[in-house]
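Chain by chain, the residues:
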Amino acid sequence: MIRLNDIIDNLDHYLHLSEKDVDMIKKAYVYSAKVHSGQKRSSGEPYLSHPLEVTGIIAKMKLDVSSIITGLLHDTVEDTLATSEEIESMFGKEIAFLVEGVTKIGQLPYTSKIERQAEGFRKLILATAKDIRVVLIKLADRLHNMRTLEHLSPDKQKRIASETFDIYAPMSHRLGINWVTTELEDLSFRYLNPDAYKTLSKQIAKKRKAWEAHVEEAKVILIEKLSEFDLSPEIAGRFKHIYGIYRKMQEQNLEFENVYDVIAFRLITNSLKECYETLGAVHASWKPVPGRFKDYIALPKGNGYQSLHTTVIGPFGERMEIQIRTRAMHEVAESGVASHWKYKEGKLDGSGTYEIYATLRQLLEWKDIQDPTEYMEAIKGELIADVVYVFTPKGDLKELPIGATPIDFAYSIHTEVGNKSTRANVNGKLVPLNHQLKTGDTVEIVTSKDQHPNRDWLKFVVTSGAKTKIRNWLRTEERKQSEIVGKSICERKFKQHGLDFQAILKKGDISNVLPELKIKDIKDLYLAIGFGKISANDLLKKVVPSENIDAESNKERIEKIIKTITSSSDGGVLIRGYDDVMIRFANCCSPLPGEDIIGYITRGKGITIHRHDCPKLLEVDLARRIDVEWDSKFKGSRPARILVTCTDKPGILSSITNTFSSSEVNISKAEIHSTDVEDAIGTFDVVVTDLSQLEDVIKSIKKVKGVKSVERMQEIEAI
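Small disclaimer: the values here were computed from a predicted structure and weren't measured.

Rules of the game
- One numbering rule holds for all chains: residues counted from 1, following each sequence as written.
- Where totals are concerned, whole chains, interfaces and linings use all residues; where local detail is concerned, this predicted model gives features only for residues with pLDDT of at least 70, and gives and counts side-chain atom pairs only at 80 or more.
- With hydrogens and water set aside, each side-chain value is computed from the structure's full complement of heavy atoms.
- Strands here are runs of E lasting at least two residues and helices are runs of H or I lasting at least four, both read from the DSSP assignment and numbered beginning at the N terminus.
- We call two residues in contact whenever any of their non-hydrogen atoms come within 4.5 Å of each other.
- Per-residue and other accessible areas were derived by the Shrake-Rupley procedure at a 1.4 Å probe size, with only the shown protein chains allowed to occlude residues.
- Per-residue confidence from the prediction method is given by pLDDT, with values spanning 0 to 100.
- Buriedness for pockets is judged along seven lines, at least five of which must meet protein on both sides within 12 Å for an open set on the 1 Å grid over protein atoms alone, while cavities are sets there where a 1.4 Å probe fits but cannot get out, and lining residues have an atom within 4 Å of a point.
- Grid points are joined across faces, edges and corners, and a volume is the space filled by probe spheres set on the points.
- The classification of residues rests on relative accessible area computed with a 1.4 Å probe and restricted to protein chains. Under 20% of the type maximum is buried, over 50% is exposed, and intermediate values are partly exposed.
- When DSSP finds at least two bridges between two strands, those strands are taken to pair.
- Within the patch definition used here, like charges are joined within 9 Å and nonpolar side chains (Val, Leu, Ile, Met, Phe, Trp, Tyr) within 5 Å, considering only residues with over 30% relative accessible area and no salt bridge.
- A side-chain nitrogen of Lys or Arg and a carboxyl oxygen of Asp or Glu constitute a salt bridge if their distance falls within 4 Å.
- Counting rule applied: Lys, Arg positive; Asp, Glu negative; His and chain ends not counted.
- Throughout, a charge is located at the NZ atom of Lys, the CZ atom of Arg, the CG atom of Asp or the CD atom of Glu.
- For a residue, the bend is simply the angle between two axes, fitted respectively to the seven-residue segment ending there and the seven-residue segment starting there.
- A helix is expected to span 1.5 Å for every residue after the first.
- With axes taken as lines fitted to C-alpha atoms, and helix axes fitted only over the stretch in contact, angles between N-to-C directions fall between 0 and 180 degrees.
- Angle categories: roughly parallel below 35 degrees, roughly antiparallel above 145, roughly perpendicular from 65 to 115, and oblique for all the rest.
- Working rule for handedness: look at the near helix, and if it is turned counterclockwise from the far one by less than a right angle, call the crossing left-handed; if clockwise, right-handed.
- Only Asp, Glu, Lys and Arg are considered charged in this grouping, and only Ala, Val, Leu, Ile, Met, Phe, Trp, Tyr, Cys and Pro are considered nonpolar; every other residue, Gly among them, is considered polar.
- Among buried residues, the Ala, Val, Leu, Ile, Met, Phe, Trp, Tyr and Cys ones that are joined through side-chain atoms within 4.5 Å form a nonpolar core.
- Only the six-membered ring of Trp is used, alongside the rings of Phe and Tyr, when aromatic pairs are assigned; centres must lie within 6.5 Å, and planes under 30 degrees apart are stacked while those over 60 apart are edge-to-face, with the rest tilted.
- Put simply, a charge is over a ring when the Lys NZ or the Arg CZ is close to the ring centre, within 6 Å, and near the line of the ring normal, within 35 degrees.

Draft legend 1. The overall build of the chain, seen in detail. Scanning the chain from N- to C-terminus turns up 27 helices and 22 strands. Taking all contacts inside the chain whose residues are at least 6 apart in sequence as the whole, residues at least 24 apart take part in 65%. Summing over all exposed atoms, the chain offers an accessible surface of approximately 35,500 Å²; the carbon and sulfur share of this is 49%.

Draft legend 2. Highlighting the confidence of the model for the chain. Of all residues in the chain, 88% have pLDDT values of 70 or greater, and the mean over the chain is 83. Segment residues 342-356 is flagged for pLDDT under 50; beyond a separation of four residues in sequence, or across chains, it makes 26 contacts in the model. Across residues 550-558, where pLDDT falls below 50, the model places 20 contacts with residues more than four positions away in sequence or in other chains.

Draft legend 3. Spatial organisation of the layout of surface pockets. In this structure, the second largest pocket occupies an estimated 1,900 Å³ of space. Ranked by residues supplied to the lining of the second largest pocket, first place goes to helix H13 (residues 242-252) with six residues.

Draft legend 4. Looking closely at the pairing of strand E4 (residues 308-313). Within E4, five of the six residues are buried, which leaves the element mostly enclosed by the surrounding structure. Two strands pair when backbone bridges link them, and strand E3 (residues 294-295) and E4 are joined in this way by two bridges, in the antiparallel orientation. Across the sheet, the residue bridging to Lys-294 is His-309, located in E4. Across six bridges, E4 lies against strand E5 (residues 319-326) in antiparallel orientation. From the neighbouring strand, Thr-311 faces E5, where its bridge partner is Glu-321.

Draft legend 5. Layout of a positive patch on the surface. Taken together, the side chains of Lys-198, Lys-202, Lys-206, Lys-699 and Lys-703 make up a positively charged region of the molecular surface. Sorting elements by how many residues they give to the positive patch places helix H12 (residues 194-227) first, with three residues. In this structure, Lys-206 sits in helix H12.

Draft legend 6. Molecular detail of H12. Largest kink in H12: about 45°, centred on Arg-208. Ala-196, Leu-200, Ile-204, Trp-211, His-214, Val-215, Ala-218, Leu-222 and Leu-226 are the residues of H12 that are buried.

Draft legend 7. Representation of the environment of Glu-629 within the structure. Turning to its location among the elements, Glu-629 is positioned in strand E18 (residues 628-630). Linking Glu-629 and Asp-596, residues 33 residues apart in sequence, is a C-alpha distance of 8.0 Å.

Draft legend 8. Examining helix H11 (residues 178-192) more closely. For H11, with 15 residues, the first-to-last C-alpha span of 21 Å sits near the 21 Å given by 1.5 Å per residue. Along H11, the positions that sit buried rather than exposed are Trp-179, Val-180, Thr-181, Leu-184, Glu-185, Asp-186, Leu-187, Ser-188, Phe-189 and Tyr-191. Packing partners of the buried residues in H11 comprise helix H3 (49-60), helix H9 (133-147), helix H10 (154-174), H12, H13 and helix H15 (327-335).

Draft legend 9. Representation of the environment of Val-417. Mapping Val-417 onto the fold places it in helix H19 (residues 415-419). With a relative accessible area of 23%, Val-417 lands in the partly exposed category. For the pair Val-417 and Lys-449, spaced 32 residues apart in sequence, the C-alpha to C-alpha distance is 9.9 Å. Aside from chain neighbours lying at most four places away, what touches Val-417 is Ala-410, Ile-445 and Thr-447.

Draft legend 10. Layout of the packing of H10 against H11. Viewed as axis vectors pointing N to C, H10 and H11 meet at an angle of 160°, and their least axial separation amounts to 9 Å. With respect to H11, the element H10 is oriented roughly antiparallel. Between H10 and H11 lies a crossing whose hand is left-handed. Contact residues: Gln-157, Lys-158, Ala-161, Ser-162, Thr-164, Phe-165, Tyr-168, Ala-169, Ser-172 and His-173 in H10; Val-180, Thr-181, Leu-184, Glu-185, Ser-188, Tyr-191 and Leu-192 in H11. The class makeup of the residues in the contact of H10 with H11 is eight nonpolar, seven polar and two charged.

Draft legend 11. Representation of the pattern of salt bridges within the structure. Throughout the structure, instances matching the rule amount to 25 salt bridges. Linking Glu-150 and Arg-190 is a salt bridge whose minimum nitrogen-to-oxygen distance equals 3.9 Å. Note that Glu-150 is positioned in the loop between H9 and H10 and Arg-190 in helix H11, a separation of 40 residues in sequence. The exposure class of Arg-190 is partly exposed, given its relative accessible area of 30%. For Asp-679, the salt bridge goes to Lys-708, with nearest N and O atoms at 3.1 Å.

Draft legend 12. Structural detail: the nonpolar core. Residues Ile-25, Met-61, Leu-73, Leu-136, Leu-175 and Tyr-375 are the most contacted members of the largest nonpolar core, which totals 70 residues. Counting residues per element, this core draws most heavily on H9, which supplies eight residues. With 34 residues, the next largest nonpolar core counts Leu-200, Tyr-246, Phe-256 and Val-312 among its residues.

Draft legend 13. Expanded view of the pairing of strand E21 (residues 679-688). Burial within E21 is extensive, with eight of its 10 residues counted as buried. Pairing of strand E19 (residues 638-647) with E21, which is carried by 10 bridges, proceeds in the antiparallel orientation. Within the sheet, the bridge partner assigned to Pro-639 lies in E21 and is Val-687. The sheet contact formed by strand E20 (residues 666-674) and E21 spans eight bridges and is antiparallel. Each bridged residue has a counterpart across the sheet, and for Ala-670 the counterpart in E21 is Phe-684. If you look at the hairpin formed by E20 and E21, you'll find four residues sitting between the two strands, and Glu-678 has a positive phi there, around 60°.

Draft legend 14. Broad picture of the packing of aromatic side chains. Counting across every chain of the model gives 13 aromatic pairs. Three or more aromatic residues link up through ring pairs in this structure, and these residues are Phe-165, Phe-189, Tyr-197, Tyr-243 and Tyr-246. Sitting over the ring of Phe-585, Arg-638 keeps its end group 3.7 Å from the ring centre.

Draft legend 15. The sheet that holds strand E1 (residues 234-239), seen in detail. With respect to topology, five strands assemble into an open sheet ordered E1-E2-E5-E4-E3, the strand pairing being mixed. Of all the strands in the sheet, just E1 and E3 have a single pairing partner and so form its edges. Contacts from helix H14 (residues 272-285) reach strand E2 (263-269), E3, E4 and E5 within the one sheet, and its direction differs from that of E4 by about 15°. Packed onto the sheet, H15 meets E1, E2 and E5 and runs at close to 110° relative to E5.

Draft legend 16. Seen up close, the side chain of Lys-248. On the secondary structure map, Lys-248 appears in helix H13. Lys-248 sits in the buried class, given a relative accessible area of 12%. Other than its neighbours up to four places away in sequence, Lys-248 contacts Lys-240, Asn-253, Leu-254, Val-259 and Asp-261.

In structure tokens form, the structure reads like this:
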């Protein structure tokens, strides 16, 4: 366990602590030790070890004294009897705010894990908008938790690692903190794909000595060559981190032995001028690989990263990646936003930093999204790491994710430009709206007042902004139509009983009964009836004496809806309050017992069950959803589809099918075809009892020699 004195010594190297600062840090340490007294971590260590280690990471980030104190106190309000008021009285408003910002969402009665996760991130992002130190301290907290993840149960390991990989590692990348990003990715990879991690670790260990020798030999040659041009940059060799190697293998479909650019050389110069002179010297000495040069100095990444990247055929005939940057650029490349910010009286200050911070501020655009699943998707979309740089016709630069289309570009300009897009010109040529943009493209969007978003656009847009705005338009249109339908149903139902609906509405009789139906106003009444959440008979029953109408009960209404469901339903899901009601499943996401689920009501089509993260659900209004849950007594089976990529060799199909059999999983359909790169791709429709059995069989197939990847498929169809 790191000691407080070690942390203080490290701080002295860059903060020049005053006596008052040291006293405040020691006071926070004593307070934290007191309130955490007797608490243990899952590893068995005293709980105090965690805030100390987190504070050590914060010190490595070179943050200020307030951040250091917050590191020592960050869990006190959440995990002890300490209160925010007590923290404020002892350490001041600034520290209290930072502690509160880092503290996770409280024990509130959310109905699902995704809802709790979404609210936790919403709170974190809102706090970060006021002070970026909140997210930096949170990253330090998450990094130490990941370092000690081995002491938790496998289920918790996977959940925390998945959240880290999807959110925290990309967020660290967005902020440019390279050393935190790589460690979070490697640790997440270790728990999300333990078999691949273990295999790759062994392969790297065998190669490391040879790599290190290669680095030293290449450095000597680099120094000699560059000295011929009177250049003497600082040279360091580095290896790709384990997940970086794995990602390259997956993206390029390579075996480990065929990954050549594992080693990269970093050349640190004294000036911007020397960066380009060094680049010229490198290209004069070795042949550059076409298409592998990137100038991130002229076009910095969104997180402020600047460097020249080139790949050359090196002195040993192998590809050699070289990065060239100044010392100031190198500091930003390693520490990112943490290297820019200076703190004065609790307020952020510093030149050239607002552009970097703006990249994180984009996350605030989605703070008002109500649906937790859509909110988390939007956050993840904003944190996509790989980007392309394109230009408007006026020469303005736009940064978009790889795979972005003209529609993504249009929505990045303005919502109405996106909504009214009819066609696109890229570099002066007409292209389809699903055309994938490349770095350097100049994009022109042609609009029309008669155009509107198309549901098919959701199949190819990649930015969170475009997806959210298209869905908002679709939902708004759906609400308009449902309102019209609901009003028509009301008028027709009342007319069947000889009643004038509009006259009764003007009289106020309908408005008087809305609270009993838990409806806010007439518009919401039309929507509820149009969506099928309540029936016109429910309204009729409230307005007109029951002896005058043939009203149906609420339960009868629900039973009428589900009568439209096909007889092939094998059940397993209950509508809350109606435990004997069975419903059907969506083919688009094929939910399995063990997954969070949501019901979706369609008038005339019944209730369909989707996985909570099914993309199709994001297109429909929240008012059309209904809470459902798995029947704990359900002992049936559910279909799933698995995609397996493997080497095309004799016997491998037999090995895969035997794995299904040994896992007691039946194959209902299988399709296999060969590829052009001596691989085979197999699609297996299987029948499983629950999510756990599916995950187990996927894990077993991954162990089959020759299998490269295994994943569960999800084919999106209309609801």
